[in-house]
Amino acid sequence: MKEFKIKIERIRKYCESNGYDGMYLSRRANFSWLTCGGNSTVERCSEYGVADLLVLANQQYVLASEIERYRITEEELSKTEGFELITFPWGDNLKEVAVKNLIAGKRIASDNGLYGMEMRAADIGELRYCLTSEEESRARVFAQESAADLERIGRLIEPGMTEYEAASYLMSGVVAIGGDAPVVLVAFDERMRVYRHPTPTGKKLVTQALLARCSEKNGLIISVSRIISFGEPDAEFRRRYLACAQVNAAFTAATLPGTSGSEIFQKGVSAYAESGYPDEWKKHHQGGALGYATRDYVIDSKCSIKVCDNQMFSWNPSVMGTKIEDTIIIKGNQQELLTDTNMWPRFEVSIGSTIIRCPDILVR
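Thresholds applied
Residues numbered from 1 in each chain as written. Predicted model: local features only at pLDDT ≥ 70, side-chain atom pairs only at ≥ 80, totals over all residues. Heavy atoms only, no water. Salt bridge = Lys/Arg side-chain N within 4 Å of Asp/Glu carboxyl O. Helix = DSSP H or I, 4+ residues; strand = E, 2+ residues; numbered from the N terminus. Pairing = 2+ DSSP bridges. Buried < 20%, exposed > 50% of the residue type's maximum accessible area, 1.4 Å probe, protein only. Polar contact = N/O pair within 3.5 Å; in protein donor to acceptor, adjacent residues only side chain to side chain. Contact = heavy atoms within 4.5 Å. 1 Å grid on protein atoms, 1.4 Å probe; cavity = no way out; pocket = protein on both sides within 12 Å on 5 of 7 lines; lining within 4 Å. Points joined across faces, edges and corners; volume = space filled by probe spheres on them. Nonpolar A, V, L, I, M, F, W, Y, C, P; charged D, E, K, R; others polar. Right-handed = clockwise from strand over helix to strand, strands pointing away.

**Some points on the pattern of salt bridges**
Working definition: two side chains of opposite charge can pair if their charged atoms are close together. This structure, assessed with the given rule, holds 35 salt bridges. For arginine 44, the salt bridge identified is with aspartate 180, shortest N-O distance 2.5 Å. Here arginine 44 is found in the loop between helix 2 (28–34) and strand 2 (48–56), whereas its partner aspartate 180 is found in strand 7 (residues 180–188), with 136 residues between them in sequence. Salt bridges sharing common partners tie together Glu151, Arg226, Asp326, Asp340, Arg346 and Arg357.

**With respect to the sheet that holds strand 7**
Taken together, the four strands give an open sheet; going across it, the order is 7-8-9-19, and neighbouring strands pair in mixed fashion. Single-partner strands in this sheet number two, and they are strand 7 and strand 19 (362–363).

**Brief notes about the side chain of serine 223**
Topologically, serine 223 is positioned in strand 9 (residues 220–229). Classification of serine 223 by relative accessible area gives buried; the value is 0%. Within the structure, serine 223 has its side chain in polar contact with the side chain of arginine 295 (distance 3.0 Å). Residue contacts for serine 223: discarding those within four places in its chain leaves Arg213, Cys214, Leu290, Thr294, Arg295, Ser314, Glu325, Asp326, Thr327 and Thr339.

**Here we look at the layout of surface pockets**
Here the largest pocket is characterised by a volume of approximately 860 Å³. Going through the elements one at a time, helix 2, helix 5 (121–126), strand 7 and strand 8 (208–217) are the ones with two or more residues in the lining of the largest pocket. Among the elements that line the lining of the largest pocket, the one with the most residues is helix 2, at four residues. Within the lining of the largest pocket, the residues separate by chemical class into 10 nonpolar, 14 polar and 10 charged. Taken as a whole, the second largest pocket spans an internal volume of roughly 220 Å³. Taken together, 17 residues line the second largest pocket, and the ones lying closest to its centre are Thr252, Gln335, Leu337, Ile356 and Arg357. Mapped onto the lining of the second largest pocket, the elements with two or more residues apiece are helix 9 (235–254), strand 12 (312–315), strand 16 (334–337) and strand 18 (354–359). Considering every element that reaches the lining of the second largest pocket, the biggest residue donor is strand 18, with four residues. Per-class residue counts for the lining of the second largest pocket are six nonpolar, eight polar and three charged.

**Structural notes on the pairing of strand 4 (residues 84–88)**
Pairing of strand 3 (residues 60–65) with strand 4 involves five bridges; the strand directions are parallel. Bridge pairing links tyrosine 61 to glutamate 84 in strand 4. In this fold, the crossover linking strand 3 to strand 4 by way of helix 3 (residues 69–76) has right-handed handedness.

**With respect to the side chain of threonine 255**
Tracing the sequence through the fold places threonine 255 in the loop between helix 9 and helix 10 (261–274). Relative accessible area serves as the criterion here: at 0%, threonine 255 is assigned to the buried category. There is a polar contact of 2.7 Å between the side chain of threonine 255 and the backbone oxygen of phenylalanine 251. Side-chain polar atoms of threonine 255 contact the side chain of tryptophan 315, separated by 3.0 Å. For threonine 255, the contacting residues outside a window of four places in its chain are Ile264, Val307, Phe313, Trp315, Ile330 and Gln335.

**Side note on empty space enclosed by the protein**
Empty space among the atoms can be located by rolling a probe the size of a water molecule over them. One pass over the structure, following the stated rule, counts one cavity of 30 Å³ or more. Residue lining of the largest cavity: Met192, Tyr195, Arg196, Leu210, His284, Ser318, Gly321, Thr322 and Lys323, and that is the complete set. Classifying every residue of the lining of the largest cavity by side-chain character gives three nonpolar, four polar and two charged.

**Observations concerning the environment of glutamate 81**
Following the sequence through the fold, glutamate 81 ends up in the loop between helix 3 and strand 4. Judged by its relative accessible area of 41%, glutamate 81 is partly exposed. Separated by 21 residues in the primary sequence, glutamate 81 and glutamine 60 place their C-alpha atoms 9.3 Å from one another. Residue contacts for glutamate 81: discarding those within four places in its chain leaves Met1, Phe4, Lys5 and Gln60.

**Quick notes on the environment of leucine 63**
Following the sequence through the fold, leucine 63 ends up in strand 3. The spatial distance from the C-alpha of leucine 63 to the C-alpha of valine 99 is 8.1 Å, given a sequence separation of 36 residues. Setting aside residues no more than four positions away along its own chain, leucine 63 makes contact with Tyr24, Val50, Ala51, Asp52, Leu54, Ile86, Phe88, Ala98, Val99 and Leu102.

Below you can see the structure in the form of structure tokens.
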């Protein structure tokens, strides 16, 4: 499979360039990445999965206990080739014995730093940044599925419903399309203005709602936020929302191959000031790159990481109760909007000669 071969080549090139004999992957995100969408998850609260991967110069292994071996080999490695299974009984620290036998005398880069291996999680994360064509295809389909589902829920909620109920729709909706929801945020009315990360409560909806979700499928993550208002929002809320849209457009237009995170960040900070809200950026991070993590990195004034082609981003500016969040992919000098379903109201914001389509408030 082309995708798998590209990824194996990235790993082996990294190891050769940095003097490593191999690379060991145990985090769920990295397992999904290398296996082209495989799933090593059992406990969703853990960053680590139930199967690990070891790539050496001329060999590659999958390590799994007797509990997990059949699902992993029969269902999660279908898009790969050449993995030799190393299995062991559960318990009694037998995994450690198996790993140490495989890596004895070798210098190994890893995403966990265990068993004498060197911790190189950040470097490994960078290998995932630029999507292959197959990953891009999966991301495009799931972005539409995820956005359409969240927007469906935006039309389903009603005054009197609790944030818990709305969150249950957001969680069950993504599971029904074969995904998961690592982040679900819901805020109604005054909680929108007070909290930037509003985990759901028993608060009942009166007039306004913010729905936000990071959805995951085949390891890839899509971020979307939408605002719903029952009745026309007042002029002040509209003013803040338009300012938020201007900042979102500034971030998006600045996201070009070779541009550093700090350069993009400065464009957004300037847009906050020009829109009349110079300090709002201090109250929440502004987003960044994503792929197999909800954010591969978050930009700030010191971020030197540069945008690469075929990389996904999600910006999430917020201004006093308003928030805008979509997922884009960089294709040359174009920022393609993946989460525009053509089923939600949008408007255009101009940044020089660049036109950015922003989600509007859905008035019901």
